[in-house]
Structure formats: C-alpha cells, structure tokens
Amino acid sequence: FFFNDTATTEIYTEQIVGSVRCVQETVVTLLRRLGEAYFNMSMFLCQEAIDLFLKLPKNQLRTGWTLTNIGKCYMDCIKYQEAEKYFAEAYSIEPYRSEGVEYYSTCLWHLKKNVEATKLASDLLAKAFFSPETWVAVGNCFSMQKEHENALKFFHRALQLNPSFSYAYTLCGHEYAYNEDFVKARKYYDQAIALDLRHYNAWWGLGNIFYKQEKYDRALDNFLKAISINHRCPVLYSYLGMTLFAKGEFAEALRYFDN
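My aim in this report is to walk through the structure given alongside it, one point at a time.

Calculation rules
- Residues numbered from 1 in each chain as written.
- Predicted model: local features only at pLDDT ≥ 70, side-chain atom pairs only at ≥ 80, totals over all residues.
- Heavy atoms only, no water.
- Helix = DSSP H or I, 4+ residues; strand = E, 2+ residues; numbered from the N terminus.
- Expected span 1.5 Å × (residues − 1).
- Buried < 20%, exposed > 50% of the residue type's maximum accessible area, 1.4 Å probe, protein only.
- Arc of directions from axis to C-beta.
- Contact = heavy atoms within 4.5 Å.
- Phe/Tyr/Trp six-rings, centres within 6.5 Å; stacked < 30°, edge-to-face > 60°.
- Lys NZ or Arg CZ within 6 Å of the ring centre and 35° of its normal.
- Salt bridge = Lys/Arg side-chain N within 4 Å of Asp/Glu carboxyl O.

Because an α-helix completes one turn every 3.6 residues, residues spaced three or four positions apart along the sequence face the same direction. The first and last C-alpha atoms of helix H7 (residues 114-127) sit 20 Å apart over 14 residues, in line with the 20 Å expected at 1.5 Å per residue. The set of residues buried in H7 consists of Ala117, Leu120, Ala121 and Leu124. Here the buried residues of H7 occupy an arc of 95 degrees about the axis, which is enough to place them on one side. For H7, exposure combined with an orientation more than 90 degrees from the buried face picks out Val115, Lys119 and Ala126. Looking at the buried positions of H7, the neighbouring elements they touch are helix H5 (80-93), helix H6 (101-110) and helix H8 (132-144).

Glancing now at the packing of aromatic side chains. Per the counting criterion, the structure on display carries 18 aromatic pairs. Judged by centre distance (5.2 Å) and plane angle (80 degrees), the ring pair of Phe129 and Phe130 falls under edge-to-face. Three or more aromatic residues joined by ring pairs make a cluster, and in this case those are Phe129, Phe130, Trp135, Phe142 and Phe154. One cation-aromatic arrangement involves Lys72 over Tyr103; the distance from NZ or CZ to the ring centre is 5.0 Å. Stacked on the ring of Tyr256, the Lys or Arg Arg255 has its end atom at 4.6 Å from the ring centre.

What follows concerns the pattern of salt bridges. Within this structure, the stated rule accounts for 10 salt bridges. Among the ionic pairs, Arg62 bridges to Glu89, the shortest N-O distance being 2.5 Å. With Arg62 in the loop between helix H3 (58-61) and helix H4 (64-76) and Glu89 in helix H5, this pair connects stretches of sequence that are 27 residues apart. Using a relative accessible area of 39% as the deciding quantity, one classes Arg62 as partly exposed. Here Glu89 falls in the partly exposed class, since its relative accessible area comes to 25%. Notably, a salt bridge pairs Lys72 with Asp76, separated by 3.2 Å at the nearest N-O pair. Taken as a pair, Lys72 and Asp76 lie in helix H4 at a separation of 4 residues, close to a single helical turn. Overall, the relative accessible area of 6% leaves Asp76 in the buried class. Look at the salt bridges and you will find they share partners, linking Glu94, Arg97 and Glu99 into a network.

What follows is the structure, given as structure tokens:
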C-alpha cells in the first residue's frame, strides 16, 4: 500500500495547523485569565483578583509573580497573615526574585515579625545588594526598632538606585511623619503621588498629616481620595470616621465606622 505524497503532506499539514491552533487557544486563554486577574488587582478588587489567580493552572499559580500578586492583594485589604503566607511561598520558590519583596518586608513590619524581617533583609543583602527593594527591606527592619533616622538612610539608598520608586518615597514620608517633620513628609508623599496618582498609601499619608495638624477638611479630602482608589480598605474608613468625629459630625462618622 503506497501513500500519495500530496495526500500525506496535506494530512501532516492539517495536523500541524491543528496543533498550532490548539497551542494558540491555550496561550490566549491563559493570557486572558492573567489579564482579568491583574486588572481586578489594579482596580483594588482584591478578593475578585485573588479568586481569579487561584483558578490559574498549577504551573502558573506556583510562580513568584502570581504568588506575590496574591500576597499584595491580601495586603491591600489588610489581611497580613494571609499575605505573609503567599509572600513566603513566592520567596521560597524564587529566592532570587527581588520584585515584590518590599511588600513582603512591610507585611512582616505590620505583623511585628522582627526575626523574619531581619532574615529576609540579610538574605537580600547577600543576593541582591544593588536592588532598591533590598534597601527597603533593610529600612523596614530599622523602622520596626523605632530607629527612624537609620530607616530613612536606607529608604534614601533605595531611591538612589531607583529614583522612580514611589513606594520608597511613601515609606520616607511615613518615617518623617512619625518624627513629626511634616514638611518633609508632605514633600515625599507628594513625590510618590507625582509618580503614581493611584498610590493610595501616599494619599492616606497626606490625610494623616492634616489630621494630626487638626486641618480636618483637608484631611477628609485626602482620605476620600484614598478611598476612591482603594474602596475596600477598612483602615481608610476608620481614619475617615475619626476625622468626621473630630469635626463633630457624629452620625456621619458612625456610618463610616460601620463600613
């Protein structure tokens, strides 16, 4: 039995085209699912983003990029214990990945896990000495010990390595605000916002300064701006309620406390 060469070629061509089409559809489906998850994360629809990330195929879920993004989603809705779990897993899978470790370090700061934060910073110094995220992690260790001047030195080092690092500007603002150097704090928060208008942490920082200065109307404006960006962060509603309470608007304050 002999095959006709033309017929055989057509069969092989159809098989190849079918295989390529199948691969294309798989890739397009994956990219669409990643895009949907990332879009929801960017809009601070954190739980929706987490649910979409967790539905990814296992080989895509267990990557540093995906796990770090899940951790950041949990951070943005103030669920630090859950965030730590995913940050730690991401760092375990990709220990040389520095992107996102600044949030991991801040998560440990919120949980007051000094030993873990120090170990993370030490590891990063050994692996990624010239990474700006490394110096944020080091700065967070000093901030945790209330050594704010030293923390600022390392956050400034991060900015030397990456002058467009909006998160580092915000952390500088926090340290200056803690020291009640509100002029410098505002300068750094403003710079963070200039680099990223949707950086709600910096808007909160500005609101916090005005709250401490008893400039409640300006504080409200900034807290509302932060909430317009991340409307599912309970801390922002708490500060808004505190400000309204300070103004004597008790019923409105209670509404936000309920939120």
